[in-house]
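A structural walkthrough
Residues per chain, in single letters:
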Amino acid sequence: MKIYNTLTRTKETFTPITEGKVGIYVCGPTVYDYIHIGNARPMIVFDTLRRYFEYKGYEVNYVSNFTDVDDKIIKRAGEEGVDSSVISERYIAECKKDMASLNVSEATTHPKATEEIPDMIAMVQTLINKGYAYEVNGTVYFRTRRFHDYGKLSKKNIDDLRSGFRELLVSGEDEKEDPLDFVLWKPKKEGEPFWESPWGDGRPGWHLECSVMSKKYIGDVIDIHAGGEDLIFPHHENEIAQSEAANDSEFARYWMHNGFLKINNEKMSKSLGNFFTVREIGEKYNLQVIRFFMLSAHYRSPLNFSADLVEASKNGLERIRTAYSRLQEVIAAGKEDVMTAAEKENVKQIDAYVEKFEAAMEDDLNTADAISVIFELVKYANTSVGQDATKEFSTYVAKKIKLLCDILGIIVEEEQGLLDDEIEALIKERQDARKERNFARADEIRNMLLDKGIVLEDTREGVRWKRA
Ligand code: AMP
Ligand code: ZN
């Protein structure tokens, strides 16, 4: 597979550190609110990368963190008058729900920064011992100039960066040795969460968290490090500096960065206020449509979010699903079981679509082209797999459509609704729960049915139900 490596600015052939295995670290969200659909882009893109590697037979160790200690979380906790862990736990749970609705698989590990503090302190200590870090008034800084490769990912020149900080240098207000130095550990402020450390009570800097969590859950050297392109500088540049200085080894071999999801040609972001949460979009569209929309562009290209484009994705996905369900009817109606000689010839054509799909995915995860191939296969199915097809052949075509959609994490089979008997059984269970005054369970069942579009009506004659 070829991957565009931000480090070398070229497409390179991917070779894993250990054959058959791949370790992927994706910077995860800061959990102070619902995630927006911009945040969902890296989740969907790199989940698809993972699915493709799994399809190719790799054992994938996929690690994605939750940043659960941060100024924004602390601010939100202050506003609500609760502990910051209440905020972070709430939004981790909500984020996981959104990921599930987007069919993003759970990571092998989802580490939380607050649970890895001892290892963070240990890395800071290592950096101090090696002369890469120093403490001033309870803050520990990374000595950026000591790390000679600084700027290698973002292609920034350290002297240019330094001149950007000239005002600070002139005013002499900065306690840092050099304005380029960044924080590894910061002292607590009144009312903030803190941990004890050799440099006083405080908390880790954001960049440090990822260096430590990737080391713990993947190793000193990781195969692929990924995130949105806004993270290249300073976040990923600083991660490299910390990890390579501390571990004396290369940090990540391939760096992948997704382009921005935009709205009216501006980056969608919380700070600009031009965002939609996954939750609110989920009320308007099936989130499978959003996943399909995200994958309809190459991950490195900017992608504009607009109602028209989402509508086009909705229609595209519908076309695939309709073809797939028609094939189910063809399979059921098939008179002959075993493929004919002519159909056996046609299998080669079907397999060629699968190869073409793989070639697109092998070319730096070109999901846009991969989706075009699915459409070609769908067109083939619609025009060439008719009522006279044998069961074996129509099943073969249907399975291939499903296989390719599965690799993209696109669910091609509509979720089956509840059967009448199942609904009646749940209503009976609800009645029993009410008799036992277990109203919590009764409400739970009512809401569960409502989620599936079943509305209950309590009447004098008993419970009536209808499909909404
Ligand atoms: P944050 O919580 O802001 O650190 O973002 C979590 C992840 O979402 C990071 O990988 C960001 O690069 C990514 N991200 C944030 N906004 C966008 C956007 N508009 N388009 C694509 N990726 C984004
Ligand atoms: Zn990170």
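Starting afresh in each chain, residues are numbered from 1 along the sequence in its written order. Each chain is given a letter, starting from A, and each ligand a number, starting from 1, according to the order in which they appear as written. At least 70 in pLDDT is required for a residue's local features to be given in this predicted model, at least 80 for side-chain atom pairs to be given and counted, and no such filter applies to totals for whole chains, interfaces and linings, which use all residues. With hydrogens and water excluded, all non-hydrogen atoms of the structure serve as input to the side-chain values.

Details of the overall build of the protein
Strands here are runs of E lasting at least two residues and helices are runs of H or I lasting at least four, both read from the DSSP assignment and numbered beginning at the N terminus. Scanning the protein for helices and strands turns up 16 helices and 15 strands. Overall, the C-alpha framework of the protein stretches about 85 × 65 × 40 Å when taken along its three principal axes. Each residue's exposure class comes from its accessible area (1.4 Å probe, protein chains only) as a fraction of the maximum for that residue type: buried when under 20%, exposed when over 50%, partly exposed otherwise. When each of the 468 residues of the protein is scored for burial, the buried share is 49%. Sequence-distant contacts in the protein: of pairs separated by 6 or more residues, those separated by 24 or more amount to 75%. Accessibility throughout is a Shrake-Rupley quantity obtained with a 1.4 Å probe, and a residue counts as covered only by protein chains that appear here. Taken as a whole, the protein presents about 22,300 Å² of accessible surface, with 48% of it coming from carbon and sulfur. We call two residues in contact when some of their heavy atoms are within 4.5 Å.

Overview of the site of ligand 1
Close to ligand 1 lie 17 residues; Gly38, Gly228, Asp230, Leu261 and Met268 are nearest. Polar contacts, as used here, are pairs of N or O atoms within 3.5 Å; protein pairs need one atom able to donate a hydrogen and one able to accept it. Residues neighboring in sequence count only if both atoms are side-chain atoms. Note that a nitrogen atom of ligand 1 is positioned 2.7 Å from one of the backbone N or O atoms of Leu261. Against a free-state accessible area of 490 Å², the protein chains account for coverage of 88% of ligand 1. Tallying contributions element by element places helix α1 (residues 37-55) first for the shell around ligand 1, with three residues. Among the residues forming the shell around ligand 1, the class breakdown is seven nonpolar, eight polar and two charged. Here a residue counts as near a molecule or strand whenever at least one of its heavy atoms sits within 4 Å of it. Lys, Arg, Asp and Glu make up the charged group, whereas Ala, Val, Leu, Ile, Met, Phe, Trp, Tyr, Cys and Pro make up the nonpolar group; the residues left over, Gly among them, are polar.

Overview of the sheet that holds strand β3 (residues 21-26)
In this scheme, strands are said to pair when DSSP sees at least two bridges between them. Sheet architecture is open: four strands sit in the order β4-β3-β9-β10, paired in parallel fashion. Taken across any chain shown, the strands that pair with only one partner, and hence form the sheet edges, are β4 (59-64) and β10 (252-258). If you compare each strand with its neighbour and ignore which way they point, the axes differ by 20° on average. Where β3 lies against strand β9 (residues 222-228), three bridges are found, and the strand directions are parallel. Considered in β9, the bridge of Val26 is made with Ala226. In this analysis, axes come from line fits to C-alpha atoms, helices being fitted only over the stretch in contact, and the angle between any two N-to-C directions falls in the range 0 to 180 degrees. The sheet contacts of α1 involve β3, β4, β9 and β10, and relative to β4 the element is tilted by about 165°. Along the sheet, helix α7 (residues 206-217) makes contact with β3, β4 and β9, crossing β3 at roughly 160°.

Points about the packing of helix α4 (residues 117-129) against α7
Relative to each other, α4 and α7 sit at 105°, their axes nearing to 9 Å. Between α4 and α7, the crossing angle belongs to the class labelled roughly perpendicular. In contact with Asp119, Met120, Met123 and Val124 of α4, α7 contributes Leu208, Glu209, Ser211, Val212, Lys215 and Lys216. Class assignment of the residues belonging to the contact of α4 with α7 gives a composition of five nonpolar, one polar and four charged. Should an angle lie under 35 degrees it is considered roughly parallel, over 145 roughly antiparallel, and from 65 to 115 roughly perpendicular; all remaining angles are considered oblique.

Describing the coordination of the zinc ion (ligand 2)
A donor here means an N, O or S atom no more than 2.8 Å from the metal, or no more than 3.2 Å when the metal is Na, K or Ca. Since water is not included, a site may seem to lack partners. Every protein donor of the zinc ion (ligand 2) is accounted for by Cys27 (SG), Cys210 (SG), His235 (NE2) and Glu239 (OE), and the metal-donor separations fall at 2.0 to 2.4 Å. Seen from the zinc ion (ligand 2), its four donor atoms lie at angles of 74 to 127°, and the figure they make is irregular. A four-donor site is classed as tetrahedral when every donor-metal-donor angle falls between 85 and 135 degrees; four donors are called square planar, and six octahedral, when trans pairs exceed 155 degrees and all remaining angles lie between 65 and 115, with any other arrangement labelled irregular.

Some thoughts on the pairing of β10
Extensive coverage of β10 is indicated by the burial of six of its seven residues. Across six bridges, the pairing between β9 and β10 is parallel. Within β10, the residue paired with Ile224 across the bridge is Tyr254. Crossovers are marked right-handed if the path from the first strand over the helix to the second runs clockwise, as seen with the strands pointing away from the viewer. In this fold, β9 hands off to helix α8 (residues 232-247), which returns the chain to β10; that crossover is right-handed.

Details of α4
For a helix, the expected span equals 1.5 Å multiplied by the residue count minus one. Helix length check: α4, at 13 residues, gives a terminal C-alpha distance of 18 Å against a target of 18 Å (1.5 Å per residue), a fit within 8%. Within α4, burial applies to Ile117, Met120, Ile121, Met123, Val124 and Leu127. Seen from one end, α4 has its buried residues packed into an arc of 160°, which puts them on one side. Opposite the buried face of α4, by more than 90 degrees, sit the exposed residues Pro118 and Asn129. Buried residues in α4 make contact with β5 (133-136), β6 (139-142), β7 (182-187), β8 (202-204), α7 and α8. In the segment just after α4, Gly131 is the residue with positive phi, at about 85°. The arc refers to the directions leading from the helix axis to the C-beta atoms.

Notes on the side chain of His207
Tracing the sequence through the fold places His207 in helix α7. Overall, the relative accessible area of 11% leaves His207 in the buried class. At 3.2 Å, the side chain of His207 and the side chain of Asn238 are in polar contact. If near-sequence neighbours (up to four positions away) are discounted, His207 is found in contact with Phe182, Pro234, His235, Asn238, Glu239 and Gln242.

Structural notes on the sheet that holds strand β13 (residues 303-304)
Taken in spatial order, the three strands make up an open sheet running β12-β11-β13, and their pairing is mixed. The two strands at the open ends of the sheet, each matched to only one other strand, are β12 (266-267) and β13. Examined bridge by bridge, strand β11 (residues 261-263) and β12 share two bridges and lie antiparallel to one another. By the bridge assignment for β12, Lys262 is matched with Lys267.

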